[in-house]
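Observations on the model geometry
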Amino acid sequence: MSSYNNSRQTDPGKESPEESTSSSRQNMFFQLFFEEAPYGIFLADFHNVIIDVNAKACRLLGYSRMELLGLTVQDLIHPDDVKDQPICSWKDIADFPGGVQAQRRYRRKDGIYIDVEIHLKSVAETDINVVMFRDITKQKQAEAGLRESEKRYRTLFEKAGDAIFILGTDGQETGKILDANQAAADMHGYSIAELCEKCIQDLDTPDAAAAAPERIRQMLDGHWIKAEIRHRKKDGSEFPVEISAGLIELEGRRYIFAFDRDITERSRAEEKKAALEARLNQAQKMEALGTLAGGIAHDFNNILAGILGYTQLAQFEIPENTKVQNYLAGIEKAGKRARDLVQQILAFSRQSKPEKQPLDLAVITKEALKLLRASLPSSIQIRTDIQRHLGIVLADPTQIHQVLMNLCANAFHAMRADGGILEIRIHDAYIDTNEDISQKNKSLHPGKYLKLSVVDTGCGMDEQILAHIFEPYFTTKEVGEGTGLGLAVVHGIMENHGGAIQVESRPGQGTAFHVYFPCIAEERELAEVRAKLLPPAKGSGRILFVDDEEDLVDVGKHMLEMMQYTARCYHNPKEALLEFAENAAWYDLVITDMTMPQMTGLQLAREITRLRPGIPVVLCTGFNRAVTPENTAAAGICKILKKPVAVQELAEVLQQILKKG
């Protein structure tokens, strides 16, 4: 290699022996340093031409020593680096005694550029510049990767849908918000700058803030925690959040990293799910209760059939206007009320469809009020305003009773604190297409209606409550005091009856419910109603009567004979079938119960019609799931009568069937 003493040096002949020895030693040390240095070294002249290189420089750049000699330093530098950072001249470098440091990209022999860190220094009293460089490509790649990673994670931090907080952990800074993302600001109604002036406890509700120190202690102990708490927004409103937080370490410092998620919608969904599950459980309980009630009602129905049957038979045997006749009328009235109760139980258990019939709304209302008077406290006064000579409506008496009881129960609840007046009014009403009730209820047709009003002087309702009162499960009552189904049921009943319900209320001024029933007061329809009160029509024919209850067999026999029919009665269906098999041609009609031991009414009907096709069969039943239009038609049954069967109803059915035959 060349010695740096080759230029701008003093005359060797003038050196003393001591100076010559020292110079030789310096050259030896320089050569050793030059060749063994852990970084590449160029020696360049005044024009930046490379005049010497060490082995490390050759290895870093892939050139041989001879290939590098004669090149300028600029020949190795990336063009962009030369343009952006011009190479220093010899004079420029000489102006810096400590040298110049920079970063460049050097081109290897294979054309690949490597990142290098260079140190340029001018050698005193010479025309030589020393260029020392080391490969920092991996370092630059690591730095670029770190910058990209930081950028990526910063983007995730800023764009995350969940709120993210970075909290301090040192002394007074413990729990202080050091940084937060935009989602955290939006979620709480603050700017990021405002959040960074607060502690995380400032966002907690009082209950959540009280538990915050314990949560922070657990995190400082190294635990990653999850919890559901409530936060407070800038406007003071509260909302539920799910937090997930723990300790992280960055550049030797510890921080708490916390994720907060707004779970308002999830909480609502969970509450709705819990409510639906509760309703499902309640529905299952009600279904079980309904099944039990239906079974009891079925058995009770058979008992009632005997009581009413014997009573009606006795009424026809005893002269009118006697005390005994009055007693029997009382028994019949009580029996019919019990029958209606059974129908209500069957309807409750979904084992009976409502049956509409012509009825006097005033009578139903007065009967309901008798029950109400006994249950209402003396602080509530009942008043009635019932118009005389009202029209007749086509309705199910049990459901009308249900409407009255529900509306009156709501009125009582509104007045139970301070008492008041409960008024029941029934008047004729004519509705035309221009009236408000008609506009709001498109199913209402113009015509004559009965208007039943239930008016109270209670606490009243505001418009917000009025908008929801007919929704299922909506209630303003305390837990355990109501199901929220009463008015929804009333609304459904009125729609089923072709009517409507209207409500008027103001806070502190009471409430008035008005229900409208369409009238059927034509003379022909009234004649049909009155016909039910006449003695049963007489007829002729031979009838086979079958029922497993001996009392009902006895009642049936007397009823048929009273109507001048010839009847053979059996309580064992198999014995009845044997009788029919022997004398099939003798009978004109068969009446059978549905639920019997050994053989059901459907089975008996099938056997009878197999023996004699076309013979009319009447089926009597309280309720049975097996009785469907398809089953009864296939068994040859021409009519179904619901127990208990009234004398007039039975007489009418027999007349119709046998006249056709």
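Here the structure is a predicted model, which is why all the values come from computation and not from measurement.

Helix and strand content of the protein chain: 23 helices and 22 strands. Burial analysis of the protein chain (661 residues in total) assigns 40% to the buried set. Taking the contacts inside the protein chain whose residues are at least 6 apart along the sequence as the reference set, 59% of them involve residues at least 24 apart. Accessible surface, the protein chain: about 37000 Å² in total, of which carbon and sulfur atoms supply 52%.

Looking now at the pairing of strand β15 (residues 447–456). With eight of its ten residues buried, β15 lies for the most part within the structure. Note: strand β14 (residues 420–431) against β15, ten bridges, orientation antiparallel. Each bridged residue has a counterpart across the sheet, and for I431 the counterpart in β15 is G447. Sheet analysis places β15 next to strand β17 (residues 511–518), joined by eight bridges and oriented antiparallel. Looking across to β17, one finds that L452 is bridged to V515.

The subject of this paragraph is the pattern of salt bridges. Considering all chains together, one arrives at 24 salt bridges under this definition. Measuring nitrogen to oxygen at the nearest pair gives 3.4 Å for the salt bridge that ties R253 to D170. Taken together, the residues span a long stretch of sequence, with R253 in strand β10 (residues 253–262) and D170 in the loop between β6 (163–167) and β7 (177–180) at a distance of 83 residues. As a salt-bridge pair, R230 and E238 come within 3.4 Å of each other at their nearest N and O atoms. Look at E238 and you get partly exposed, because its relative accessible area is 39%. Residues participating in the shared-partner salt-bridge network are E228, E242, R266 and E270.

Taken together, the side chains of F300, I303, I307 and I331 define a hydrophobic patch exposed on the protein surface, amounting to about 330 Å² of accessible area. Top contributing element to the nonpolar patch by residue count: helix α11 (residues 264–317), with three residues. The topology assignment puts F300 in helix α11.

Moving on, we get to a negative patch on the surface. Residues D299, E549, E550 and D551 make up a contiguous surface patch of negative charge. Within the element layout of this structure, D551 appears in helix α19 (residues 550–562).

Right, let's talk about the packing of helix α20 (residues 573–582) against helix α21 (residues 601–611) for a bit. Their axes nearest at 10 Å, the elements α20 and α21 cross at an angle of 10°. Between α20 and α21, the crossing angle belongs to the class labelled roughly parallel. Contact residues: P573, L577, F580 and A581 in α20; L604, E607, I608 and L611 in α21. Looking at the contact of α20 with α21 residue by residue, the classes come out as seven nonpolar, no polar and one charged.

Let's shift gears to the environment of R612. Counting through the fold element by element, R612 comes out in the loop between α21 and β21 (617–621). On the basis of relative accessibility, which here comes to 26%, the residue R612 falls in the partly exposed class. Separated by 28 residues in the primary sequence, R612 and A584 have C-alpha atoms spaced 6.6 Å apart. Residues in contact with R612, not counting those within four places in the same chain, are F580, A584, A585 and Y587. There is a polar contact of 2.3 Å between the side chain of R612 and the backbone oxygen of Y587.

A separate point is the side chain of T264. Mapped onto the fold, T264 is located in helix α11. Once residues within four sequence positions are removed from consideration, T264 is found in contact with F239 and P240.

On to the sheet that holds β14. Across the sheet, five strands lie side by side as β12-β14-β15-β17-β16; this open sheet has mixed pairing. Both edges of this open sheet fall to β12 (380–386) and β16 (500–505), since each of them pairs with a single strand only. Shown here is a sheet whose adjacent strand axes are inclined to one another by a mean of 15°, direction ignored.

One open sheet holds the five strands; their spatial order is β2-β1-β5-β4-β3, and the pairing between them is antiparallel. The open sheet has two edge strands, β2 (50–53) and β3 (100–107), and neither has a second partner. Strand after strand, the sheet turns through a mean of 30° between neighbouring axes, direction not considered. Sheet topology places strand β4 (residues 113–122) next to strand β5 (residues 129–135); seven bridges connect them, and they run antiparallel. Bridge pairing in β5 links V116 to D135. Against the sheet, helix α7 (residues 137–159) contacts β3, β4 and β5, and its axis sits at roughly 120° relative to β4.

Of all the positions in α20, only P573, A576, L577, E579 and F580 are classed as buried. In an axial view of α20, the angular spread of the buried residues amounts to 160°, which keeps them on one side of the axis. Facing away from the buried side of α20 by more than 90 degrees, the exposed set consists of L578 and E582. Where α20 begins, the capping side chain belongs to N572, and its oxygen is found 2.9 Å from the backbone nitrogen of K574.

The rules behind each value
- Residues numbered from 1 in each chain as written.
- Predicted model: local features only at pLDDT ≥ 70, side-chain atom pairs only at ≥ 80, totals over all residues.
- Heavy atoms only, no water.
- Helix = DSSP H or I, 4+ residues; strand = E, 2+ residues; numbered from the N terminus.
- Buried < 20%, exposed > 50% of the residue type's maximum accessible area, 1.4 Å probe, protein only.
- Contact = heavy atoms within 4.5 Å.
- Areas by Shrake-Rupley, 256 points an atom, 1.4 Å probe, with all protein chains shown as cover.
- Pairing = 2+ DSSP bridges.
- Salt bridge = Lys/Arg side-chain N within 4 Å of Asp/Glu carboxyl O.
- Patch = residues over 30% accessible without salt bridge, like charges linked within 9 Å, V, L, I, M, F, W, Y side chains within 5 Å.
- Lys, Arg positive; Asp, Glu negative; His and termini not counted.
- Charge placed at Lys NZ, Arg CZ, Asp CG, Glu CD.
- Axes fitted to C-alpha atoms, helices over the stretch in contact; angles between N-to-C directions.
- Parallel < 35°, antiparallel > 145°, perpendicular 65-115°, else oblique.
- Nonpolar A, V, L, I, M, F, W, Y, C, P; charged D, E, K, R; others polar.
- Polar contact = N/O pair within 3.5 Å; in protein donor to acceptor, adjacent residues only side chain to side chain.
- Arc of directions from axis to C-beta.

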